[in-house]
Amino acid sequence: MPLDKLICKYDMTQAGYCLKIKEILKNKFGEKIPKVFVKTYGCQQNVSDSEKYKGMLFQMGFSFTDDQDDADVILFNTCAIRENAENKALGNLGWIKNIEKSKPELFVILCGCMTEQENIIEKIKIIYPFVNLVIGTHSAHKFPELFYKAYQKIHEKNGRVFVSEKTDIVPEELPIKRDGKLKAFVSVMYGCNNFCSYCIVPYVRGRERSRRPEDIIEEFKSLVDSGYKDITLLGQNVNSYGKGLDENINFPELLRRLDKIEGDYKIRFMTSHPKDATEELFGVIANSRHIAHHIHLPVQCGSDRILKLMNRKYDTKTYLEKVSYAKSKIPDLTLTSDIIVGFPGETYEEFKETLELITKVRFSSLFTFIYSPRTGTPAAEMPDPFDKAEKTKRILELLKLQEEISKNLCKEMVGKRVRVLAEGIEPKSGDIMCRTDGNIIVQIKAKKEIIGSFIDVLITDSRNESLIGKLI
Ligand code: SF4
């Protein structure tokens, strides 16, 4: 479908619903400002979505609290990528069941990837009838309208849950209440077309659709103008940005245009699918003024047979060639990755191939997971002869190896000068906590006035996976 048909703007109708809700809240709470507790599960995309929900809730007249007991509204932004994340959200819903009796006015919202799964609405209606509103990832731009309709039915038993429609959209101009003052997320695209055999994302987030470059540039520019220093471009696979747009533009070109914006800031991006990470991308990073010398390039495993079963569409040889090319172009490049341990049928010998690959690449850190079957994905149907105990043993072996690599990489940084962003104060030592391009923490002694600036430091020591430095 052409992009202009997919763009859904947060329009006056939704702003009008916010005003109506504000009026209801005024009548109900008087001078008191009602509070929302927002809990986000899962990835950065969800963190970014929660900031949009918060932006709309703020327009409706709510404030925010970190204390669930103190809240008038509870919003769980859920994740479906692993069973663990799903269980956590359901466990927290169980907790609400207990307080709901003493707090009949509590308004409970469930949104995010979990709500897009098959049969979930029916399950929620039966097990958690106190949930007032269920809103899928494709309907965020209509949140005020859905909230208004559900809020009017707050006292009605049964039928309080709203199902949101499943249409791929590109939401634009949603109000955003960002959590930080230095770091921000900008979504450049939504959905995924890759269908890795273990992953639920294409089923719950829909097909790939990119935002128009001019909308991204405008949002990005306003962040730089507002003083944000570390801006991460988000997408399930940013490297396939641009497909379906009228204009012929790819991700490296988008980066080039953003890099031209004047100001003092860093650009990051995630996630990059290795099959689409090109020499052009590495070249743009190498020649840029603002792009962090860091790539998160999820390899998932080091066995070609398993990569094929995962439907990752690259082999280890290609992956290693890309890494070696990237390192040749960007000598101070930091690489991080995701690893899945215990994919169905992965033998110990195949797992050891992952250890070999990790040793070769020397990632600075890894996000490691034990394979978690997701209903509806091809991998969930594959025979899986190895039990959880065996997989846990393997992941511990992997973590031990990674700890050693991270430690050694940190040691090798001693004596080097690096440019870091001073982000805040380390609560225990009172030192200033800074971060390198590669997301490694550096602690330095300095005045707190430098917080929010990029500074040059000399690395004087290393402590496991972090660094000690001094201001130059
Ligand atoms: S690229 Fe693969 S792992 Fe990543 S979101 Fe798409 S299907 Fe899931």
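Residues numbered from 1 in each chain as written. Predicted model: local features only at pLDDT ≥ 70, side-chain atom pairs only at ≥ 80, totals over all residues. Heavy atoms only, no water.

Quick look at the packing of helix α13 (residues 348-361) against helix α14 (residues 388-412)
The criterion, for reference: Every axis in this analysis is a line fitted to C-alpha atoms, fitted for helices over the stretch in contact. Angles between the N-to-C directions lie between 0 and 180 degrees. A run of H or I in DSSP becomes a helix once it reaches four residues, and a run of E becomes a strand once it reaches two; helices and strands are each numbered from the N terminus. Roughly parallel refers to an angle under 35 degrees, roughly antiparallel to one over 145, roughly perpendicular to one between 65 and 115, and oblique to any angle outside these ranges. The crossing is said to be left-handed when, going from far helix to near helix, the turn is anticlockwise and less than a right angle, and right-handed when the turn is clockwise. Contacts are residue-level and defined by heavy atoms, with any inter-residue pair within 4.5 Å sufficient. Note that Gly is not counted as nonpolar here; it falls among the polar residues with everything else outside the nonpolar set of Ala, Val, Leu, Ile, Met, Phe, Trp, Tyr, Cys and Pro and the charged set of Asp, Glu, Lys and Arg.
Running from N to C, α13 and α14 cross one another at 15°; their axes reach a closest spacing of 10 Å. It follows from the interaxial angle that α13 and α14 lie roughly parallel. Crossing angle aside, the handedness with which α13 passes α14 is right-handed. Here Y348, F351, T354, L355, I358 and T359 of α13 lie close against α14, whose contacting residues are E390, R394, E397, L398, L401, Q402 and I405. The class makeup of the residues in the contact of α13 with α14 is seven nonpolar, three polar and three charged.

Section: the domain arrangement of the protein chain
Put simply, the test is: All domain edges in this entry derive from an automatic or database-based domain assignment. What gets called buried area is simply the loss in accessible area from a 1.4 Å probe that two parts show on being joined, summed for both. Salt-bridge detection follows one rule: a side-chain nitrogen of Lys or Arg within 4 Å of a carboxyl oxygen of Asp or Glu. Definition of a polar contact: a pair of N or O atoms within 3.5 Å, with one able to donate and the other able to accept a hydrogen when the atoms are protein atoms, and with sequence-neighbouring residues admitted only if both atoms are side-chain atoms.
By domain assignment, the protein chain separates into domain 1 (3-151), domain 2 (180-292), domain 3 (299-412) and domain 4 (417-471). Centre-to-centre, using C-alpha coordinates, domain 2 lies 24 Å away from domain 3. Summing the contributions of domain 2 and of domain 3, the shared interface buries around 1700 Å²; its carbon and sulfur component is 64%. Counting the surface domain 2 buries against domain 3, the share from its top three residues, S197, Y198 and F282, is 41%. Linking domain 2 with domain 3 are zero salt bridges. Here domain 2 is connected to domain 3 by 10 residue pairs in polar contact (both at pLDDT 80 or more). For the side of domain 2 that touches domain 3, the element with the most residues is helix α10 (residues 279-287), which contributes four residues. Classifying every residue of the side of domain 2 that touches domain 3 gives 11 nonpolar, three polar and three charged.

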